[in-house]
Amino acid sequence: MDSFVIEGGRRLDGTIRINGSKNAALPLMAAALLTDQPVTLRGVPDLADIGNMRRLLAELGVEFSGDPGAPRLKVTDEGESHARYDIVRTMRASICVLGPMLARRGEARVSMPGGCAIGDRPVDLHLRGLRALGAQIDLDGGDIIARAPGGRLRGDTIFLGGAFGSTVLGTANVMSAATLAEGTTVIESAACEPEVVDLARLLTAMGAKIEGAGSPRITVHGVHRLGGADHAVIPDRIEAATYMCAAAITNGSLVLEDCPLDCLLAVTDRLEAVGVRVELLGPCPDMLRCRCRVTAERVLRPIEVTTQPHPGFPTDVQAQLMALLCLAEGNSVITEKIFPERFLHVAELSRMGARLFRQGNTVVVSGVRALKGAPVMASDLRASAGLVLAGLAAQGTTTVNRVYHLDRGYEKMEERLAAVGARIERVSDREG
Ligand code: EPU
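Residues numbered from 1 in each chain as written. Predicted model: local features only at pLDDT ≥ 70, side-chain atom pairs only at ≥ 80, totals over all residues. Heavy atoms only, no water.

Draft legend 1. Representation of the site of the ligand in the model. Around the ligand, a shell composed of 22 residues is seen, among which Asp124, Leu125, Thr167, Asp316 and Ile338 lie nearest. Here an oxygen atom of the ligand sits 3.3 Å away from a polar atom, N or O, in the main chain of Pro122. Contact distances for the ligand include 3.2 Å between an oxygen atom and a side-chain N or O atom of Arg342. Considering the ligand on its own, with 830 Å² of exposed area, one finds that the protein chains cover 91% of that surface. Broken down by secondary-structure element, the contributors of at least two residues to the shell around the ligand are α1 (22-30), α5 (124-132), α6 (168-178) and α12 (381-393). By residue number, the principal contributor to the shell around the ligand is α5, which donates 3 residues. When grouped by side-chain class, the residues that make up the shell around the ligand number 11 nonpolar, 5 polar and 6 charged. (Near = heavy atom within 4 Å. Polar contact = N/O pair within 3.5 Å; in protein donor to acceptor, adjacent residues only side chain to side chain. Areas by Shrake-Rupley, 256 points an atom, 1.4 Å probe, with all protein chains shown as cover. Helix = DSSP H or I, 4+ residues; strand = E, 2+ residues; numbered from the N terminus. Nonpolar A, V, L, I, M, F, W, Y, C, P; charged D, E, K, R; others polar.)

This is the structure we're talking about:
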């Protein structure tokens, strides 16, 4: 298992181009199951999770051709509709094949995803939504077995909110399934995340009739069939936010290209309150692909922040912001409202000298003058990113173990950080 070894205290300076979004690309890839025509996706990042989705879709009869960054997906065999545990357990997002497969093939068998390091992560809302569309759903041998009576789903009005708000992949599943249902579907309390909007854009290009994506009420008028499309994946807002925090925590200056500022207003609002400047460079005709410079004041201010569904502050940036606030002058308060247990980084940051006090879903961060390098690890992608950021700023050497978690969501992070001045290298077990 690889680790990153980081010599902290180096200011970052340079340019980073933001990649296509992982969390947009996964449901976009699954949407290829809705048609027998080719779907080309441009700007697909080279990540472990994308590789897992490719393997899963290949098992379900999708043929891949073309460049890995711009793959052409085409269903050539609709005979196998079983997403097996072997693959689903490697990646929870496998659940997003359920809606498309059920809608197009009239049946699907998808292994039920288990819990993960950030919490239980149930899929009850996905199932409630698909049941409302007329699906019969049973559980057998750990698999979700879904059938559309008569081979076709039926539109209906569905309330998709849960105890923690809306569901991103649940909305993606139900919206995708509704495109081929008979009649009209209204999804109330739909997730407003930019990844849902991107999926709606692809589905519309394929011939779907969707209104309201990006708002809490999405209306889908079902059609008989969908065709192919050619679609550019939106840039990754979480990657962009992570590199913004990297600039700030090293007191550096980073230019971000293809930065989706339009999706990052809650992040830039909180960062500006800390003393981080995000300055637009030149005219920006497309606010999803801006060029901006990120710099920070020498003294960082403490803030309060609560994670919320979009357009609120994203849970996927909570760990990175916590790393930054460890070095602010005073007490910050972070409340996690999406995944109340998502705090694997707290104990690890404490090992680096951070002063953190957790109670339930709230952490009080008392800023310290400096962090100290240490061996750390976290079995969650974003927690690991927070630890890398802390390592960039810490005095001495930080070893972040088990970086395969990072590789799930950040393409070649160590190379990209090294290119802007970080002293960071990947060490494999055999060398380390
Ligand atoms: N929830 C339910 N029932 C459900 C579904 C969700 O109670 O049926 C709860 C969850 O347990 C959680 C909340 O609702 O408390 C929101 O979960 P959501 O369904 O929105 O999460 P997701 O769609 O499974 C996506 C991202 C996550 C991101 C969340 C929240 C992908 C592949 N994953 O997950 O990304 O944290 O939305 O924004 O899109 C990451 O990239 O590191 C990551 C974990």
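That shown, we press on.
Draft legend 2. View of the packing of helix α8 (residues 237-249) against helix α10 (residues 318-325). Relative orientation of the contacting elements α8 and α10 amounts to 5°, with a least axis distance of 10 Å. Accordingly, the angle class assigned to the pair α8 and α10 is roughly parallel. Contact with α8, carried on its side by Ile238, Thr242, Cys245, Ala248 and Ile249, involves Gln320, Leu321, Ala323 and Leu324 of α10 and no other residues of that element. (Axes fitted to C-alpha atoms, helices over the stretch in contact; angles between N-to-C directions. Parallel < 35°, antiparallel > 145°, perpendicular 65-115°, else oblique. Contact = heavy atoms within 4.5 Å.)

Draft legend 3. Spatial organisation of the pattern of salt bridges. Counted under the stated rule, the structure contains 28 salt bridges. Here Arg408 and Asp49 are joined by a salt bridge, their closest N and O atoms 3.0 Å apart. With Arg408 in the loop between α13 (404-407) and α14 (413-419) and Asp49 in helix α2 (residues 48-59), this residue pair connects regions lying 359 residues apart in the sequence. Residue classification places Asp49 among the buried residues on the basis of a relative accessible area of 1%. The shortest N-O distance in the salt bridge between Asp407 and Arg426 comes to 2.9 Å. (Salt bridge = Lys/Arg side-chain N within 4 Å of Asp/Glu carboxyl O. Buried < 20%, exposed > 50% of the residue type's maximum accessible area, 1.4 Å probe, protein only.)

Draft legend 4. Highlighting the nonpolar core. The biggest cluster of nonpolar side chains holds 77 residues, and the ones touching the most others in it are Met244, Leu256 and Leu417. Sort the elements by how many residues they give to this core and α8 lands first, with 10 residues. Excluding residues within four positions of it along the chain, Leu417 makes contact with Leu12, Tyr243, Ala246, Val388, Leu392, Ala422 and Ile424. By size, the runner-up hydrophobic cluster in this structure holds 76 residues, among which are Leu41, Ile144, Ile187 and Ile218. (Core = buried A, V, L, I, M, F, W, Y, C linked by side-chain atoms within 4.5 Å.)

Draft legend 5. Expanded view of the layout of surface pockets. Of the pockets and cavities examined, the second largest pocket occupies roughly 480 Å³. Residue lining of the second largest pocket: 19 residues in total, with Arg298, Val299, Leu300, Leu327 and Arg369 positioned closest to the centre. Elements that contribute at least two residues to the lining of the second largest pocket include exactly α8 and α12. Residues belonging to the lining of the second largest pocket are distributed by class as follows: 9 nonpolar, 4 polar and 6 charged. (1 Å grid on protein atoms, 1.4 Å probe; cavity = no way out; pocket = protein on both sides within 12 Å on 5 of 7 lines; lining within 4 Å. Points joined across faces, edges and corners; volume = space filled by probe spheres on them.)

Draft legend 6. The sheet that holds strand β12 (residues 209-211), seen in detail. The mixed open sheet is built from 4 strands, whose spatial order is β10-β11-β13-β12. The strands lining the two open edges of the sheet, one partner per strand, are β10 (157-159) and β12. Across the sheet, the mean angle from the axis of one strand to that of its neighbour is 15°, orientation sign disregarded. (Pairing = 2+ DSSP bridges.)

Draft legend 7. Expanded view of the pairing of strand β15 (residues 253-259). A large share of β15 lies buried, amounting to 7 of its 7 residues. Strand direction decides the pairing type here: strand β2 (residues 13-17) and β15, joined by 5 bridges, are parallel. Paired with Arg17 across the two strands is Glu257, which belongs to β15.

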